[in-house]
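Given next are the chains, with one letter for each unit.
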Amino acid sequence: MNSFTNNNIEKIYITGEKKLTGNVNISGAKNAALPLMALSLIINKDFNLYNVPDLADTRLMSNLLIDLGIKLNWKKGILNFYGKPKKDEASDDLVRQMRASILVLGPLLASQGSAKVPLPGGCAIGSRPIDLHVMVMEALGANVSFDSGFIISSLSNEGLKGGVIDFPKVSVGATESAIMTAVLAKGQTKILNAAREPEVTDLANCLNKAGANIKGIGTDILIINGVKELHEVTHSVVSDRIEAGSFAIASIITMGKVQINNINPENLTEFLNVLKLTGSKIETFKNSMKVSCSQRPKPFDVSTNPYPGFPTDLQAQYMALMAIADGKTLIKETIFENRFMHIPELMRMGAKISVNRQEAEIYGVKKLKGARVMASDLRASMCLILGALAASGISEIDGLHHLDRGYENLEDKLANLGAMIKRSN
Ligand code: UD1
């Protein structure tokens with residue numbers, strides 16, 4: 001298996017063409033856990049989060065919170081937070097490593113009356129501006145300025161004030177920023193064109209359990225009546241629909257049969273409809289689904305869209321599937337401008353793809369071939385793993401720090417389903 005190895009950096013080696021069968025349990029969603037963890041800055045009573053995935057990104061968020069003065073215990077998927085933030089400046093070193101760190105801006109401002117947060121880093125999938133987060137802070141009464149790579153926000157003596165936030169485009173993170181900041185503002189806040197992702201819903205539900213007053217949850221208009229403080233709360237993080245969708249494709253691409261547990265299939269409705277149209281068999285139950293396929297997938301065109309549309313976070317994985325479809329597929333990426341970096345790597349495995357700006361044409365081939373490939377971002381790395389599972393021969397996947405940001409115990413989960421997968425130098 002290690003015939004390609006020539007240095008000490010860990011890589012994943014996959015021998016493809018093994019049908020995946022059996023059961024897999026899906027972890028809590030990274031994208032829900034991160035904003036929920038940031039709530040510890042404003043829930044200064046006992047706050048317990050269950051079903052927290054152990055990932056590079058959630059570890060990073062906990063370090064960021066600890067650095068701000070929050071105390072926490074992390075045991076087997078349960079995080080217990082207590083205490084208050086002791087400063088208003090987020091660590092430059094930590095924030096640079098993860099774009100979602102911007103989520104501490106609003107709660108820190110609400111808690112401290114001021115916040116100094118470095119401009120974030122994270123996945124290299126386009127410019128990913130933060131103007132909408134700034135718009136949120138200003139709409140709720142903050143003064144915002146920029147200095148030496150920091151966003152500096154502060155409140156007058158009047159504190160946070162409710163306002164109208166009419167987003168010019170749908171943003172998951174900015175909607176979460178608005179919710180987390182408005183719950184403690186004086187008066188009413190109206191959020192228009194809010195993101196409706198299940199992770200946003202999870203955040204709002206947790207806040208309401210802690211005493212917040214948020215109405216319209218799950219719709220694109222949220223009405224928030226500010227409260228003076230939040231009380232203790234216990235909440236379980238919603239399951240990871242992107243991980244579930246990735247395993248669904250892993251089953252289909254290997255012509256396997258996998259039961260995917262601990263999920264809410266309703267959160268994947270559009271994606272599962274697309275998979276059915278490619279010829280896969282999907283049976284959904286309350287908290288699980290069975291996914292199988294016994295033929296080469298049929299092509300089906302998709303455009304990514306905000307929820308409930310086809311998720312951008314499953315675009316790369318779906319492209320791996322369409323790479324072996326029986327015909328041509330058009331995939332349009334409408335959310336991020338640079339989210340096709342997996343294409344040249346997938347082509348090293350024999351995929352035939354042409355790209356024109358935000359559109360990719362995938363000419364399905366009968367078989368992919370194992371190759372040495374490099375992951376460029378989180379979902380791109382899963383796309384390459386999926387390609388390798390279907391490909392003949394051995395693949396070597398490099399750039400694992402991206403993968404480790406978002407998939408808990410991936411190798412074990414795939415190996416339990418019968419994949420030949422190994423991580424080594
Ligand atoms: C979140 C998810 C990410 C997912 C994305 C879209 C987390 C931690 N990450 O990212 O996995 O791919 O939603 O579903 O939850 N934008 C602006 N200005 C802003 C903020 C965003 O123009 O201030 C743009 C972005 O560049 C992008 C679009 O809005 O084109 C949507 O991005 P957004 O929904 O904000 O993504 P994130 O919250 O960063």
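Residues numbered from 1 in each chain as written. Predicted model: local features only at pLDDT ≥ 70, side-chain atom pairs only at ≥ 80, totals over all residues. Heavy atoms only, no water.

Student: Provide a residue-level description of the overall build of the protein, including the pertinent values.
Tutor: Scanning the protein for helices and strands turns up 14 helices and 23 strands. Radius of gyration (C-alpha) of the protein: 22 Å, near the 22 Å computed for a compact globule of 425 residues. Seen along its three principal axes, the alpha-carbon backbone of the protein occupies a region of about 65 × 45 × 40 Å. Counting over 425 residues, the protein shows a buried share of 56%. In the protein, of all internal contacts separated by at least 6 residues, the share reaching a separation of at least 24 is 72%. For the protein, the exposed area adds up to about 16600 Å²; of that, 48% sits on carbon and sulfur atoms. Of note, the protein has its 47 positive side-chain charges centred 4 Å away from the centre of its 42 negative side-chain charges. (Helix = DSSP H or I, 4+ residues; strand = E, 2+ residues; numbered from the N terminus. Rg over C-alpha atoms; globule rule 2.2 N^0.38 Å. Buried < 20%, exposed > 50% of the residue type's maximum accessible area, 1.4 Å probe, protein only. Contact = heavy atoms within 4.5 Å. Areas by Shrake-Rupley, 256 points an atom, 1.4 Å probe, with all protein chains shown as cover. Lys, Arg positive; Asp, Glu negative; His and termini not counted. Charge placed at Lys NZ, Arg CZ, Asp CG, Glu CD.)

Student: Tell me about the site of the ligand, and please be specific about residues and values.
Tutor: In the vicinity of the ligand there are 19 residues, among which Asp131, Ser171, Val172, Asp313 and Ile335 approach most closely. Asn31 is positioned with one of its side-chain polar atoms (N or O) 3.0 Å from an oxygen atom of the ligand. Asp313 is positioned with one of its side-chain polar atoms (N or O) 2.6 Å from an oxygen atom of the ligand. Coverage of the ligand by the protein amounts to 89% of the 740 Å² it exposes when considered alone. Secondary structure elements with two or more residues in the shell around the ligand: helix 5 (131–139) and helix 6 (172–182). Broken down by element, the residue count for the shell around the ligand peaks at three residues, all from helix 5. (Near = heavy atom within 4 Å. Polar contact = N/O pair within 3.5 Å; in protein donor to acceptor, adjacent residues only side chain to side chain.)

Student: Kindly report on the pairing of strand 8 (residues 150–155), identifying the contributing residues and their values.
Tutor: Bridge analysis of strand 6 (residues 114–118) against strand 8 gives five bridges, and the strand direction is antiparallel. Its bridge partner lying in strand 8, Pro118 is registered against Phe150. Where strand 7 (residues 142–147) and strand 8 come together, six bridges link them in antiparallel fashion. Bridge pairing in strand 8 links Ser145 to Ile152. (Pairing = 2+ DSSP bridges.)

Student: I'd like a rundown of the packing of aromatic side chains, residues and numbers included.
Tutor: Considering all chains together, one arrives at three aromatic pairs under this definition. Each ring, one from Phe47 and one from Phe81, has its centre 5.1 Å from the other, and the planes form 25°; the classification is stacked. With a gap of 34 residues between them, Phe47 in strand 3 (residues 47–50) and Phe81 in strand 5 (residues 78–82) connect regions that are remote in the sequence. Residue classification places Phe81 among the buried positions, given a relative accessible area of 1%. (Phe/Tyr/Trp six-rings, centres within 6.5 Å; stacked < 30°, edge-to-face > 60°.)

Student: Got a sec to walk through the sheet that holds strand 4 (residues 71–75)? Specific residues and values, please.
Tutor: Strands belonging to one sheet form pairs held by backbone hydrogen bonds; the direction of such a pair is parallel or antiparallel. Within the open sheet, the four strands sit side by side as 4-5-3-13. Their pairing is mixed. Strand pairing shows two members of the sheet lacking a second neighbour, strand 4 and strand 13 (233–236), which therefore form its edges. With strand direction ignored, the average angle separating the axes of adjacent strands in the sheet is 15°. Relative to strand 5, strand 4 is paired through five bridges, and the arrangement is antiparallel. Paired with Leu72 across the two strands is Phe81, which belongs to strand 5. Strands in contact with helix 7 (residues 198–209) are strand 3 and strand 13; relative to strand 13, the strand with the most contacts, it is inclined by about 155°. (Axes fitted to C-alpha atoms, helices over the stretch in contact; angles between N-to-C directions.)

Student: Break down the domain arrangement of the protein for me, citing the residues and quoting the values.
Tutor: How big an interface is tends to be expressed through the accessible area that disappears when the partners come together. If you check the domain split of the protein, you get domain 1 (11–27 + 239–424) and domain 2 (30–236). For domain 1 and domain 2, the distance between their C-alpha centroids amounts to 30 Å. Facing the 21 residues of domain 1 at the interface are 20 residues of domain 2. Each partner contributes to the roughly 1800 Å² buried at the junction of domain 1 and domain 2, and carbon and sulfur atoms together form 52% of this total. Contact with domain 2 buries surface across domain 1, with Tyr307, Arg405 and Glu408 losing the most and accounting together for 33% of the total. Linking domain 1 to domain 2 there are two salt bridges. In this structure, Asp57 engages Arg405 in a salt bridge whose closest nitrogen and oxygen atoms are separated by 2.9 Å. At the surface where domain 1 touches domain 2, the tally comes to six residue pairs in polar contact (both at pLDDT 80 or more). The class makeup of the residues in the side of domain 1 that touches domain 2 is seven nonpolar, four polar and ten charged. (Domains from an automatic or database assignment. Buried area = accessible area lost by both parts, 1.4 Å probe. Salt bridge = Lys/Arg side-chain N within 4 Å of Asp/Glu carboxyl O. Nonpolar A, V, L, I, M, F, W, Y, C, P; charged D, E, K, R; others polar.)

Student: If you had to explain the side chain of Asp377 to someone new, which residues and values would you point to?
Tutor: Looking at the element boundaries, Asp377 is found in the loop between strand 21 (372–374) and helix 12 (378–390). Among buried Asp, Glu, Lys and Arg side chains, Asp377 stands out as unpaired, with Arg339 the closest opposite charge at 5.0 Å. A distance of 3.2 Å separates a polar atom in the side chain of Asp377 from the backbone nitrogen of Arg379. In this structure the side chain of Asp377 is engaged in a polar contact, spanning 2.9 Å, whose partner is the backbone nitrogen of Ala380.

Student: Describe the sheet that holds strand 7, listing the residues and the values that go with them.
Tutor: Reading across from one edge, 6-8-7 is the order of the three strands in this open sheet, with antiparallel pairing throughout. With one partner strand each, in any of the chains shown, strand 6 and strand 7 form the two edges of the open sheet. When strand polarity is set aside, the average angle formed by the axes of neighbouring strands in this sheet is 15°. Where helix 4 (residues 105–112) meets the sheet, it contacts strand 6, strand 7 and strand 8, and its direction lies at approximately 155° from that of strand 6.

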